[in-house]
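Here are the chains, one letter per residue:
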Amino acid sequence: MCTVVIQVPADPSRPVRLLAVRDEDPARAWDPVGPWWPDAYPGVIGVRDRRAGGAWLAADPAARRLAVILNRADVLPDDAPALSRGGIVLGAVAGQPPVGAPPTHGFNLVDVSAAGVRVTMWDAATLRTVDLAPGTHMIAHDDVDDPRTARIRRWLGAFASAAPELDHANGLQPWLDVLQDTAVTPATDDAAIIRDNRPYGVPTLSLLVCTASVGTDGVDVAYGALAVPGEWNRPEMA
């Protein structure tokens, strides 16, 4: 139940801005942003899932490409055999987006490239894609800007209002300020972004935050882990 906020500029010479919050089981080990795939994906950096070896978020600065994946409800039983979704992210950064019927559980894949921003949605029955129009968008476990998602209904307007400030700030601080404001919502509330999903039968909590700018100069990614899963503490972004 991760969350991504993204600003697609009307002027293609301006960078795409992205804020991503990762929800995962704290017992599932991960590595922070780094070059974890030097042989298969030279030059690619990202947040690595140690168990399966794939990525939650990855970027190729030289190719000016970034991808991040979010879990999505699907039609498969929870225990159905399926491959890790982390390989989808690495394939997308290499310019090989998913096609056909991916052998994974459901996902929303955000793919940023020189061609624009595309979201690929898979519910284990139908694969759909949408190209994002200029503006501020929010994605979680349903469709893009989906009003069925409580956190999107509650917070998309606040991120959109802060988006014009991004061009005049050090990094994505205005969006981090909004994210801090969202922490007044209890982590178990359906409208929370910093989340404790255990009351919903899912053993995941918000663990880390990444910000990124993707433009003609390359990709700038910053990473910060929460000191306590599911609790906001304004992590140092580096």
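Note: the structure precedes this text.
Quick summary incoming for the structure in this document. (Residues numbered from 1 in each chain as written. Predicted model: local features only at pLDDT ≥ 70, side-chain atom pairs only at ≥ 80, totals over all residues. Heavy atoms only, no water.)

**With respect to the sheet that holds strand E2 (residues 16-24)**
Part 1 of the argument: Pairing in this open sheet of five strands is antiparallel, and the strands run E10-E1-E2-E11-E12 from one edge to the other. Bordering the open sheet on either side are strand E10 (135-139) and strand E12 (218-225), each of which pairs with just one other strand. Adjacent strand axes in the sheet meet at a mean angle of 15 degrees when their direction is disregarded.
Part 2 of the argument: Pairing of strand E1 (residues 3-8) with E10, which is carried by five bridges, proceeds in the antiparallel orientation. Residue pairing in the sheet places Val-4 in a bridge with Ile-139 of E10.
Part 3 of the argument: On the sheet, helix H2 (residues 150-162) packs against E1, E2 and E10 and is oriented at approximately 150 degrees with respect to E10.
Part 4 of the argument: Strands E1, E2, E10 and strand E11 (205-215) of the sheet are contacted by helix H3 (residues 173-182), whose axis makes an angle of about 35 degrees with E2. (Pairing = 2+ DSSP bridges. Helix = DSSP H or I, 4+ residues; strand = E, 2+ residues; numbered from the N terminus. Axes fitted to C-alpha atoms, helices over the stretch in contact; angles between N-to-C directions. Contact = heavy atoms within 4.5 Å.)

**Overview of the nonpolar core**
The tendency in soluble globular proteins is for nonpolar side chains to be buried as a group.
Part 1 of the argument: Residues Ile-6, Leu-18, Trp-56, Leu-57, Leu-66 and Val-110 are the most contacted members of the largest nonpolar core, which totals 44 residues.
Part 2 of the argument: With 21 residues, the next largest nonpolar core counts Leu-166, Trp-175, Ile-194 and Trp-232 among its residues. (Core = buried A, V, L, I, M, F, W, Y, C linked by side-chain atoms within 4.5 Å. Buried < 20%, exposed > 50% of the residue type's maximum accessible area, 1.4 Å probe, protein only.)

**Considering the sheet that holds strand E6 (residues 65-71)**
Part 1 of the argument: Taken together, seven strands build an open sheet; the order of strands is E3-E4-E5-E6-E7-E8-E9 and the sheet is antiparallel. Both outer strands of the open sheet, strand E3 (30-34) and strand E9 (127-131), are each paired with one neighbouring strand and no more. On average, each strand axis in the sheet is inclined to that of its neighbour by 15 degrees, with strand direction left out of account.
Part 2 of the argument: Where E3 meets strand E4 (residues 45-49), three bridges bridge the pair, whose relative direction is antiparallel. Across the sheet, residue Trp-30 finds its bridge partner in E4, namely Asp-49.

The values are spatial; any link to function lies outside them.
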